[in-house]
Amino acid sequence: MELTPETPLTPETPPTPETSAPPTTFGRSKRFAFTVNVALMVVISLAIVIGVNWLGTRPQLWKRFDVSTAQVYTLGDKTRGVIENLASDVEAYVFIDLSVPIVRQRPSLYSRSADHVRSILGEYAALSRGRIEVFEWESLDPTRQFQLASEIGGFERPNVVLFRSGEQMKLVDVPQVAITEEEGERSDGRVREPRIVGWRTEDLFTSALVEVTESGSKIAFTIGHAEASIRPQQSSFNLVAEWSAALRRDGYQVAELNLIETGAVPGDVDAVVVAMPGNAFSATEISALRQHVESGGRLLWLDSSVVEGGGQAPVPPPELLGPFGLAVSNRVVIQQPPETAINQLGAEAYLLLALELENHPITRPLLRYRVGAAGYFVRPIELTTPLPNGVTISTLLRSHSDAWLRPLRTDLTPEEIRFDQVTDVARRHDVGLAMEFAAAGPRPGRIVLLNGSLAIQALNGSANKNLFVNSLNWLAEREHLIGIDPKDYEERSVMLEFDRIETLQHVALIYLPLGLVVIGLFVWWRRRN
């Protein structure tokens, strides 16, 4: 057969269903599916945007992270307890004016303090979930904030934070939040600005919140028995004056109480503190204290074995502790100290004890942060009779298991103190108790007994102070204030010599950019070839 251009190479075959053109309905369904998919994606995107915005308006769902080295912006447990238990809403007015003459003398101190105040107040507001509202102005405008200006003492105090709740107000000066250290004169004869070494912002702000939202209980410290004084000028031997100032920051009213004059504990006193008495109480005074606790009052007895000058202090009266089956021994707890302490302190090293904390609401924050308490000339508390019905006693402090006892004398020698394998028994001794019992009033009576001169200068530790303040917060049933005091944050900075600063500048401005240029040229040359 002769092939021609018209002759097909293969015979014609009818198209099969597989190779035939799809029907027009398939194209329509594809377009419909595409349209539905796009519409669905638009709806999902809108839902995500709306959901994210909704979450952004719910402070209780926020999670904040503090990436600072010293955790400057992390609020402590005590502050969190205060904020979560606010009795009323709080307004915080921040007045920052860096243009006034006093600021020009120390611009760095004021500007850094102002930035820190703004940041910390933001943490307070976020944690409060709307209970604390922050307002800020650059300066006091006489036409707009005249009333506020008159309340804070006039327009001459432009850099302050005013906390207000109802009619209660508290002022905090912005420069007070910084812990500074004077740096002396510069080489050109001009005075350097003080260097900021830490912050006490949380302590000041939390105290202000308590003061404007809570009507604090009244704490009365007994006088007339050579007790530790709450007056700073009379507190050379003890820290009770400093600790009572901490109570005032927690909103308490602190006063002195002379039971000889009053004959009874006044009705507006919520708790009585007997702080390291040097002389015995009279029968009338003991009767007044007993009547106070039996009617639902509260008592903190801070015992001391010795008094200033080396004398022996009286034990707490049996008339007060006897009904609960307790007595304070007239012996002293001895504990084996390290050899280095013996070389430095001699016999006193055996009398300076590190005390163990037991689990109780008063001590729980200290246990959580693993801090301890210390005592000096510690007398043990002993159970003389079976515990009466309705009385609950919890141990707060005890000695270590390797402790033994000696008669209380201030002239004990190392030879007299040392452990005797034949006569001595090493065991733990209770030196701090919290007691609760049924009382005649609407609430139970409470007593806290702490032994061992916890308030002497040699034992100035935050654990002892927090133990004292937490005890009163538990007695006054203000458990939300129990915790570790807000810490003074340390300012961490790197100090460099001028030549090293100059070297860093050369690296950042010259060597690093030049290195990037060289690398880029090398990569370009390799790709070109």
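Residues numbered from 1 in each chain as written. Predicted model: local features only at pLDDT ≥ 70, side-chain atom pairs only at ≥ 80, totals over all residues. Heavy atoms only, no water.

Colleague: Can you lay out the overall build of the protein chain for me, pointing to particular residues and giving the numbers?
Modeller: When its secondary structure is counted, the protein chain shows 15 helices and 20 strands. A burial count over the protein chain gives 41% of its 529 residues as buried. Within the protein chain, contacts between residues at least 6 apart in sequence are counted, and of these 72% link residues at least 24 apart. When the accessible area of the protein chain is evaluated, it comes to approximately 29,500 Å², of which 55% is carbon and sulfur surface. (Helix = DSSP H or I, 4+ residues; strand = E, 2+ residues; numbered from the N terminus. Buried < 20%, exposed > 50% of the residue type's maximum accessible area, 1.4 Å probe, protein only. Contact = heavy atoms within 4.5 Å. Areas by Shrake-Rupley, 256 points an atom, 1.4 Å probe, with all protein chains shown as cover.)

Colleague: Can you lay out the packing of aromatic side chains for me, pointing to particular residues and giving the numbers?
Modeller: Enumeration over the complete set of coordinates arrives at nine aromatic pairs. Summarising the aromatic geometry, the rings of Tyr 93 and Phe 135 are spaced 5.2 Å apart at their centres and angled 20 degrees between planes, so their arrangement reads as stacked. You can see Tyr 93 sitting in strand 1 (residues 90–95) and its partner Phe 135 sitting in strand 2 (residues 132–137), a full 42 residues away along the chain. When the centroid spacing of 6.0 Å and the interplanar angle of 75 degrees are considered together, the rings of Tyr 124 and Phe 205 count as edge-to-face. Placement of Tyr 124 in helix 4 (residues 107–128) and of Phe 205 in helix 6 (residues 201–213) is noted, with a sequence separation of 81 residues between them. In this structure, Tyr 124 and Phe 205 share a single accessibility class: buried. Through a chain of ring-to-ring contacts, the aromatic side chains of Tyr 124, Phe 163 and Phe 205 assemble into a single cluster. The ring of Trp 474 carries the charged tip of Arg 446 above its face, separated from the ring centre by 4.2 Å. In this structure, Arg 478 packs its charged tip against the face of Tyr 252, placed 4.5 Å from the ring centre. (Phe/Tyr/Trp six-rings, centres within 6.5 Å; stacked < 30°, edge-to-face > 60°. Lys NZ or Arg CZ within 6 Å of the ring centre and 35° of its normal.)

Colleague: Account for the sheet that holds strand 7 (residues 218–222), naming residues and giving values.
Modeller: The mixed open sheet is built from nine strands, whose spatial order is 8-7-9-10-19-18-16-13-14. Here the strands that pair on one side only, and so sit at the sheet edges, are strand 8 (253–257) and strand 14 (373–376). Across the sheet, the mean angle separating the axes of adjacent strands is 25 degrees when strand polarity is ignored. Alignment of strand 7 against strand 8, held across five bridges, turns out to be parallel. Note on strand 8: the bridge partner recorded for Ala 220 is Ala 255. Sheet strands touched by helix 9 (residues 283–294): strand 9 (271–275), strand 10 (298–302), strand 18 (430–437) and strand 19 (445–450). Its angle to strand 10, the strand with the most contacts, is close to 130 degrees. (Pairing = 2+ DSSP bridges. Axes fitted to C-alpha atoms, helices over the stretch in contact; angles between N-to-C directions.)

Colleague: So what's going on with helix 9? Which residues, and what values?
Modeller: Compared with an ideal rise of 1.5 Å per residue, which puts 12 residues at 16 Å, helix 9 spans 16 Å between its outermost C-alpha atoms and is within 8% of the ideal. Taken residue by residue, helix 9 has Glu 285, Ile 286, Ala 288, Leu 289, His 292 and Val 293 as its buried positions. Projection of helix 9 onto a plane perpendicular to its axis shows the buried side chains occupying an angular sector of 160 degrees, all on one side. Turned more than 90 degrees off the buried face of helix 9, the exposed positions are Ala 283 and Gln 291. Buried residues along helix 9 sit against helix 8 (259–262), strand 9, strand 10, helix 10 (318–321), strand 18 and strand 19. Positive phi appears at Gly 296, one or two residues downstream of helix 9, with a value of about 100 degrees. (Expected span 1.5 Å × (residues − 1). Arc of directions from axis to C-beta.)

Colleague: Would you mind going over the confidence of the model for the protein chain in detail, with residue names and values included?
Modeller: Per-residue confidence for the protein chain gives a mean pLDDT of 82, with 80% of residues at or over 70. Confidence over residues 184–188 falls short of pLDDT 50; this stretch has six contacts with residues more than four positions distant or in other chains. (pLDDT = per-residue confidence, 0-100.)

Colleague: Account for the pairing of strand 19, with residues named and values stated.
Modeller: Counting buried residues in strand 19 gives six out of six residues, a clear majority hidden from the surface. The alternating pattern of strand 19 places Gly 445, Ile 447 and Leu 449 on one face and Arg 446, Val 448 and Leu 450 on the opposite face, and all of these are buried. Note that strand 10 and strand 19 share five bridges and pair parallel. Within strand 19, the position partnered with Leu 300 by the bridge is Val 448. Pairing between strand 18 and strand 19: six bridges, direction antiparallel. Pairing of Phe 437 across the sheet is with Gly 445, part of strand 19.

Colleague: So, the pattern of salt bridges: which residues are in play, and what are the values?
Modeller: One pass over the structure, following the stated rule, counts 24 salt bridges. We note a salt bridge from Asp 270 to Arg 443, for which the minimum N-O separation is 2.9 Å. Here Asp 270, found in the loop between helix 8 and strand 9, pairs with Arg 443, found in the loop between strand 18 and strand 19; they are 173 residues apart in sequence, far enough to count as distant. In this structure, Arg 409 and Glu 416 form a salt bridge, with 2.9 Å as the shortest nitrogen-oxygen distance. Given the relative accessible area of 34%, Arg 409 is considered partly exposed. For Glu 416, a relative accessible area of 34% corresponds to the partly exposed category. Put simply, Glu 358, Arg 398 and Asp 430 are held in one network by salt bridges that share partners. (Salt bridge = Lys/Arg side-chain N within 4 Å of Asp/Glu carboxyl O.)

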